[in-house]
Structure formats: structure tokens, C-alpha cells
Amino acid sequence: MRGRVLDLLRRRFPLQKSNFGVDGHKLEYSCLTTFNGRSCSRSMASATSTDILSEVPPKVTYNPLSDMLVDSFGRFHNYLRISLTERCNLRCQYCMPEEGVELTPNSELLSHDEIIQLATLFVTSGVDKIRLTGGEPTIRKDIEEICSSLSNLKGLKTLAMTTNGIVLSKKLPRLKDCGVNAINISLDTLVPAKFEFITRRKGHQKVMESINAAVELGYNPVKINCVVMRGLNDDEICDFVEMTREKPINVRFIEFMPFDGNVWNDKKLVPYAEMLDRVRQRFKNVERCKDHPTDTAKNFKIEGHCGTISFITSMTEHFCAGCNRLRLLADGNFKVCLFGPSEVSLRDPLRAGVDDLMLKEIIGAAVKRKKAAHAGMFDLAKTTNRPMIHIGG
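Residues numbered from 1 in each chain as written. Predicted model: local features only at pLDDT ≥ 70, side-chain atom pairs only at ≥ 80, totals over all residues. Heavy atoms only, no water.

- The protein chain goes by Molybdenum cofactor biosynthesis protein 1 in an unreviewed UniProt entry, where it is assigned to Zingiber officinale.
- According to the UniProt record, the Subunit (unreviewed entry) comment for the protein chain is "Isoform MOCS1A and isoform MOCS1B probably form a heterooligomer."
- Regarding the protein chain, the UniProt comment filed under Function (unreviewed entry) reads as follows: "Isoform MOCS1A and isoform MOCS1B probably form a complex that catalyzes the conversion of 5'-GTP to cyclic pyranopterin monophosphate (cPMP). MOCS1A catalyzes the cyclization of GTP to (8S)-3',8-cyclo-7,8-dihydroguanosine 5'-triphosphate and MOCS1B catalyzes the subsequent conversion of (8S)-3',8-cyclo-7,8-dihydroguanosine 5'-triphosphate to cPMP." (UniProt positions renumbered as here; feature names shortened; annotations may be inferred.)

## Some details on the packing of helix 2 (residues 112-123) against helix 10 (residues 356-368)
The description of two packed helices rests on the angle between their axes and on the distance between the axes.
Then comes step 1: Running from N to C, helix 2 and helix 10 cross one another at 70 degrees; their axes reach a closest spacing of 11 Å. As far as their axial angle goes, helix 10 and helix 2 are roughly perpendicular. Across the interface between the two elements, Gln 117, Leu 118, Leu 121 and Phe 122 from helix 2 touch Asp 356, Leu 359, Lys 360 and Ile 363 from helix 10.
Then comes step 2: In the contact of helix 2 with helix 10, the residues fall into 5 nonpolar, 1 polar and 2 charged. (Axes fitted to C-alpha atoms, helices over the stretch in contact; angles between N-to-C directions. Helix = DSSP H or I, 4+ residues; strand = E, 2+ residues; numbered from the N terminus. Parallel < 35°, antiparallel > 145°, perpendicular 65-115°, else oblique. Contact = heavy atoms within 4.5 Å. Nonpolar A, V, L, I, M, F, W, Y, C, P; charged D, E, K, R; others polar.)

## Brief notes about the nonpolar core
Then comes step 1: Grouped together as the largest cluster of nonpolar side chains are 90 residues, with contacts concentrated most on Phe 122, Ile 130, Leu 132, Phe 253 and Phe 334.
Then comes step 2: Every residue in contact with Phe 122, bar those within four places of it in the chain, is listed here: Met 68, Leu 69, Leu 80, Val 127, Leu 326, Phe 334, Leu 346 and Ile 363. (Core = buried A, V, L, I, M, F, W, Y, C linked by side-chain atoms within 4.5 Å. Buried < 20%, exposed > 50% of the residue type's maximum accessible area, 1.4 Å probe, protein only.)

## Points about the sheet that holds strand 6 (residues 158-163)
Then comes step 1: Read across the sheet, 12 strands follow the order 10-11-12-9-8-7-6-5-4-13-14-15 without closing on themselves; strand pairing throughout is mixed. Of all strands in the sheet, those with a lone pairing partner are strand 10 (286-288) and strand 15 (344-345), marking the two edges.
Then comes step 2: With 2 bridges joining them, strand 14 (residues 333-335) and strand 15 adopt antiparallel strand pairing. Opposite Phe 334, over in strand 15, you have Val 344 as the bridge partner.
Then comes step 3: Contacting strand 5 (129-133) and strand 6, helix 3 (residues 143-151) runs over the sheet at an angle of about 155 degrees to strand 6.
Then comes step 4: Lying over the sheet, helix 10 contacts strand 13 (325-328), strand 14 and strand 15, oriented at roughly 35 degrees with respect to strand 14. (Pairing = 2+ DSSP bridges.)

## Quick notes on the pairing of strand 11 (residues 297-302)
Then comes step 1: Counting buried residues in strand 11 gives 5 out of 6 residues, a clear majority hidden from the surface.
Then comes step 2: Relative to strand 11, strand 10 runs antiparallel, the two sharing 3 bridges. Across the sheet, Val 286 pairs through a bridge with Ile 302, a residue of strand 11.
Then comes step 3: Relative to strand 12 (residues 308-312), strand 11 runs antiparallel, the two sharing 5 bridges. If you follow Ala 297 over to strand 12, its bridge partner there is Ile 312.
Then comes step 4: In textbook terms, the turn of a hairpin is the stretch between consecutive antiparallel strands, and for strand 11 and strand 12 this stretch comprises 5 residues, one of which, Gly 304, has a positive phi near 90 degrees.

Below you can see the structure in the form of C-alpha cells.
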């Protein structure tokens, strides 16, 4: 079987090297990977890291359907984020370089059927949560068909979506009918003029309408993702907290993270401890909630508030030890760590006709090579990675 697949791959991709080992832990698949619009051949095994496991992975009870989703540190990955497109109707400063990005040709993006085939492979192996991202997922023309197909996968419990909210209010009723049962809406400012500066586009009122529409449709909580940047929107932290007083909203304050083209520096970073201190100076009885071991967020409840607030502390207090997330990019590349440069193509072997068993071996080998932790914010700032719009929010 392996010999036939190797011959097929060599004929189909003569400029690429495919090396399949018998042992899943040693299996290597070298594929075409794209960074910043440039193609280069790289292997999942080629990444180097001085990462060390800085904390003991939390004990999580799970019953994986296959070993494919368990890495060498015992972390079980039951959460898959799927980027549906690299296109977006905003140009957020922390996500996309000012000059824009080179988009992958449509023919090289995953089709509806390819997305469902790969998602089925993950769900039958133990993934029970899928989040659709972009780019902006709502601008994909077949978004409803994709959501409907995914929501019908046996074993999938949560079908979530992260969106900028620009066209969401009109599409959300139908998306809910198609099975989307969790919503995150990105909003970094409550000031319309500042919104236009951050996103390089108009649309603040449309996002607010989408938040209200999600609340009215019964989403609880409606999660709002807010990337906090010093000197830009850090003066609005407490204004965002006020949004949780009367509505089932969870505001998630995200530390500014480095990606290609977003001109990251540590002076723009507002640490979690500082953000929490500002909240506690303004609001009384800010209590920490009991977080799940795999939560990326540190969650808090404020007395008298209907909603909650959270902090995503990727830079100052990473949560790598409990990571249960994997990423499938719009071009079919598979990424086991948001901050890791290594990717492996699932599109290429899929289109070459390999069977599910071989795809599972490729996926499992990539998962086994996942590092214990990311390199730290200063090293990450010097590491070549894709712009966030290519990876998926």
C-alpha cells in the first residue's frame, strides 16, 4: 500500500519529496508550504526549537477514538479550527500587513467536499469541537452548506464561528439553523472613528448590530474578542467590561501577539496582570471562575453582571501545557501550533488519492511532533510565521 502511494505522490508532485516511515512516530511527509506568498518545501520534522515544558500538563479525562490526536506529551486534541478563506472585508492592523497579502489561488483552496472529508476524519478520531475562521468565514459563498454538512457529523458537539460581524446580522439566523451553536465576534474598540483606524474600513455599527442579533437569537454567551494594544484601545478596557452588565456577553481581552507584518513590539503589549488590575480598580468583587484544564482563557465573574470577562494570556502566561487545538488552513495545510512555523499539507495527499489510513498517519505524525510550548514572545517576534489572516483567527 505504502509503495503504491509513494509512487503516486512522486508522479503527482515530482518536485517534492515524500518519505513515509512505518512507525507513526517516525513518519515524515515533506510537502509544499507557503509563507507570505512564497512557496518552499519544508518538513514537519525540520522545525527546530529550544522549547521546554514549563508546566506539567493538566490531567484531563478523555477517551480518544484513536492515537492520532494524542501528542508525545499526552495532550489529547479534540478541537479543530478550520480556516475557510484567506479573504476578509476588513484590514485589521494586527492581522494583515498594510500592503495586504498575496492570496492563494482558489484552485489551491480546500473545496466544500475536501473540508468535509478531512473534518470527518478528525471527528471520527475524537474531535468534538470545530471552529470556523478566516479571513472572514461569512464571505465564503458556500458557508451555509459547509455548516450544515459539518453539524451533521456524528460525534461533533460544538460548531463555532469566529467572525468580524460585518455581515453576520443578516446571515446569523440561517447559520444557526445550519448548526452554528457558538459565536465569537471580533471588536477592538467601541469608538467608530477608532474602529475605522484599526480596521482600515468602516463598519462599526454593523458589528454592534451583529452582537445584538446574536444575543436576541439566544447565543449565551456571545463572545467578543478584543485585542488590546497600548496607546490604541487600552483606555477602553472598562468600557468593554460594562457590556457584560446587562447582557450574556463574554468579553475576551487578548494580549497582542506577533505575526508576520503586524509590526509587533513589547511596548504595545498590555500584560494580563495590568489589564486585570485596571478592571479591579473600577469594579468590585471580580472573582476568578473555575476554568477547564484546556481553556485558553482565564475567566472572571463580576458581581451583579449578567456576563463575564476573560483574558487570553498567550504572551505573559502561556497555556501550552493544556493545549487541545489543531488548525486546518484554507489552503489545506495542517498546523499543530498557532505560533509554530511548521506546517504539513493535507490537501496534496488528499488530491493524490491517498486513503484515510495514510492521511491519519500524516496527521498523527504531525501531532506527535508538536512542541511542549511555544518559544516565548521575544523569540516568536523573530520567527518566520504567516500573517494571521493566512493562519485563521
